[in-house]
Amino acid sequence: MPKFAANLSMMFNEVPFLDRFAAAADCGFTAVEYLFPYDHPAEVVAERLQAAGLAQALFNMPPGDWVAGERGMAALPGREADFAAALDTAIAYAKVIGTPLLHMMAGLAQATDLQASATYRENLKRAADRTGEAGIGLVIEPINGRDMPGYFLNDFNRAVDFISEMDASHLKLQFDVYHRQILHGDVIMALRQMAPLIGHIQIASVPERHEPLTGELDDRKIFAEIDAIGYEAYVGCEYRPAAGTREGLSWMSRV
Ligand SMILES: O=C(O)C(=O)[C@@H](O)CO
Ligand SMILES: [Mg+2]
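Calculation criteria
- Residues numbered from 1 in each chain as written.
- Chains lettered and ligands numbered in written order.
- Predicted model: local features only at pLDDT ≥ 70, side-chain atom pairs only at ≥ 80, totals over all residues.
- Heavy atoms only, no water.
- Near = heavy atom within 4 Å.
- Polar contact = N/O pair within 3.5 Å; in protein donor to acceptor, adjacent residues only side chain to side chain.
- Areas by Shrake-Rupley, 256 points an atom, 1.4 Å probe, with all protein chains shown as cover.
- Nonpolar A, V, L, I, M, F, W, Y, C, P; charged D, E, K, R; others polar.
- Helix = DSSP H or I, 4+ residues; strand = E, 2+ residues; numbered from the N terminus.
- Buried < 20%, exposed > 50% of the residue type's maximum accessible area, 1.4 Å probe, protein only.
- Core = buried A, V, L, I, M, F, W, Y, C linked by side-chain atoms within 4.5 Å.
- Contact = heavy atoms within 4.5 Å.
- Donors = N, O, S within 2.8 Å, 3.2 Å for Na, K, Ca; no water.
- Tetrahedral: all angles 85-135°; square planar, octahedral: opposite > 155°, others 65-115°.
- Disulfide = S-S within 2.5 Å.
- Pairing = 2+ DSSP bridges.
- Axes fitted to C-alpha atoms, helices over the stretch in contact; angles between N-to-C directions.
- Expected span 1.5 Å × (residues − 1).
- UniProt positions renumbered as here; feature names shortened; annotations may be inferred.
- Salt bridge = Lys/Arg side-chain N within 4 Å of Asp/Glu carboxyl O.

As for the site of ligand 1
Working step 1: In the vicinity of ligand 1 there are 14 residues, among which Asn-60, Glu-141, His-179, Arg-209 and Glu-238 approach most closely.
Working step 2: With respect to ligand 1, the side chain of Asn-60 contributes an N or O atom lying 2.9 Å from an oxygen atom.
Working step 3: Measuring from an oxygen atom of ligand 1, one finds a side-chain N or O atom of Asp-176 at 3.1 Å.
Working step 4: In isolation ligand 1 offers 260 Å² of accessible surface; the protein chains occlude 95% of this area.
Working step 5: For the shell around ligand 1, a count of residues per class yields 5 nonpolar, 5 polar and 4 charged.

Following this line, the structure appears as structure tokens:
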């Protein structure tokens, strides 16, 4: 059975962000992930993580102006300086918090836009170089257009192509089972074929993005496959609890 990390951006929203670490540990989690730690000093986040005895699995680079609708900057021509500053911030936080992985979001741009693609490649190279020097893994994640309309990286094969082009062994795929199913289906075969490139896995039911075992996929088979491909890192529980985080956790004892 895979080891699970609580996603503190979606789970434990019953309490403020900094209190979610203790709440996750109290529910038996040994690791956490979340979108962004940047509203708090890195030292404070690290202290909460350590006090709860948790491992950090992953967080995202700053995405630009999230409230205004930005979803990353890597594919945005003209935003290279902002992207570089975000990368500096992410690496500084990663060193203090001790995350093994950073997720680089692409941003909203046409997947077919040649200038956006060129900018994405340049920024991906920069991020791969900088994270490589810092000893931190880097992941990119295809995201479905229903949840994130206009997201540049909306295709798993394209993500694999970008990764292969870079020739950086610490650059890998964030395989979110929820997005995979909505974008392409064929989840188990994709896990098998992409296994060597997978750096992080996330799970949620499809289509509601609730607890595993409540959607259209056979999550038990998917967890068995994750074990079978030899994936040993954390599986992020990136789901919106249907009716309370604690109340919904019984799936973990039924998989
Ligand atoms: O939306 C997802 O799925 C993620 O994993 C986030 O990191 C991106 O918002
Ligand atoms: Mg995800």
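Back to the write-up after that little detour.
Notes on unusual backbone geometry
Working step 1: With an omega dihedral of 10°, the bond running from Val-206 to Pro-207 counts as a cis peptide bond.
Working step 2: Secondary-structure assignment places Pro-207 in the loop between strand E7 (198-203) and helix H8 (219-228).
Working step 3: Not every positive phi belongs to a glycine, and Phe-12 is a case in point at roughly 60°.
Working step 4: When its relative accessible area of 2% is taken as the criterion, Phe-12 is described as buried.

So, the nonpolar core
Working step 1: Ranked by size, the top nonpolar core spans 82 residues in total, and within it Phe-21, Met-104, Tyr-120, Ile-140 and Phe-175 carry the most contacts.
Working step 2: The residues contacting Tyr-120, other than those within four sequence positions of it, are Ala-74, Ala-75, Met-104, Ala-106, Ile-140, Phe-152, Leu-153 and Phe-162.

Observations regarding the coordination of the magnesium ion (ligand 2)
Working step 1: Surrounding the magnesium ion (ligand 2) are the protein donor atoms Glu-141 (OE), Asp-176 (OD), Gln-202 (OE1) and Glu-238 (OE), at 2.0 to 2.2 Å.
Working step 2: Around the magnesium ion (ligand 2) sit 6 donor atoms, and with donor-metal-donor angles ranging over 76 to 174° the site reads as octahedral.

Here we look at the state of the cysteines
Working step 1: Scanning the model with the defined rule gives 0 disulfides in all.
Working step 2: Of the cysteine sulfurs around Cys-27, a residue in no disulfide, the closest is that of Cys-237, at 11 Å.

Structural notes on the sheet that holds strand E1 (residues 3-7)
Working step 1: Spatial ordering of the closed barrel is given by E1-E2-E3-E4-E5-E6-E7-E8, a layout of 8 strands whose pairing is parallel. Averaged over all pairs of adjacent strands, the angle between strand axes in this sheet comes to 30°, irrespective of strand direction.
Working step 2: Where strand E6 (residues 171-176) lies against E7, 4 bridges are found, and the strand directions are parallel. Residue pairing across strands places Asp-176 opposite Gln-202, the latter belonging to E7.
Working step 3: Where helix H4 (residues 114-134) meets the sheet, it contacts strand E4 (101-103), strand E5 (137-140) and E6, and its direction lies at approximately 155° from that of E5.

Overview of helix H3 (residues 80-97)
Working step 1: Here H3 spans 25 Å end to end across 18 residues, near enough to the 26 Å set by a 1.5 Å rise per residue.
Working step 2: Every buried residue belonging to H3 is among Phe-83, Ala-84, Ala-86, Leu-87, Ala-90, Ile-91, Tyr-93, Ala-94 and Ile-97, and all of these are buried.
Working step 3: Here the buried face of H3 lies against helix H2 (42-51), strand E3 (55-60), E4 and H4.

As for the UniProt feature "domain: Xylose isomerase-like TIM barrel" (unreviewed entry) in the protein
Working step 1: What UniProt calls "domain: Xylose isomerase-like TIM barrel" (unreviewed entry) maps, in this numbering, to residues 21-253.
Working step 2: Annotated as 39% helix and 14% strand, the span residues 21-253 places its first and last C-alpha atoms 21 Å apart.

Quick notes on the pattern of salt bridges
Working step 1: What the rule picks out here adds up to 11 salt bridges.
Working step 2: The shortest N-O distance in the salt bridge between Asp-19 and Arg-48 comes to 3.0 Å. With Asp-19 in the loop between E1 and helix H1 (20-26) and Arg-48 in helix H2, this residue pair connects regions lying 29 residues apart in the sequence.
Working step 3: The salt bridge involving Asp-82 is made with Arg-79; its shortest N-O contact spans 2.6 Å.
Working step 4: In this structure Asp-82 comes out as partly exposed when scored by relative accessible area, which is 37%.
Working step 5: Salt bridges here are not isolated pairs; linked through shared partners, they connect Asp-147, Asp-176, Arg-209 and Glu-238.

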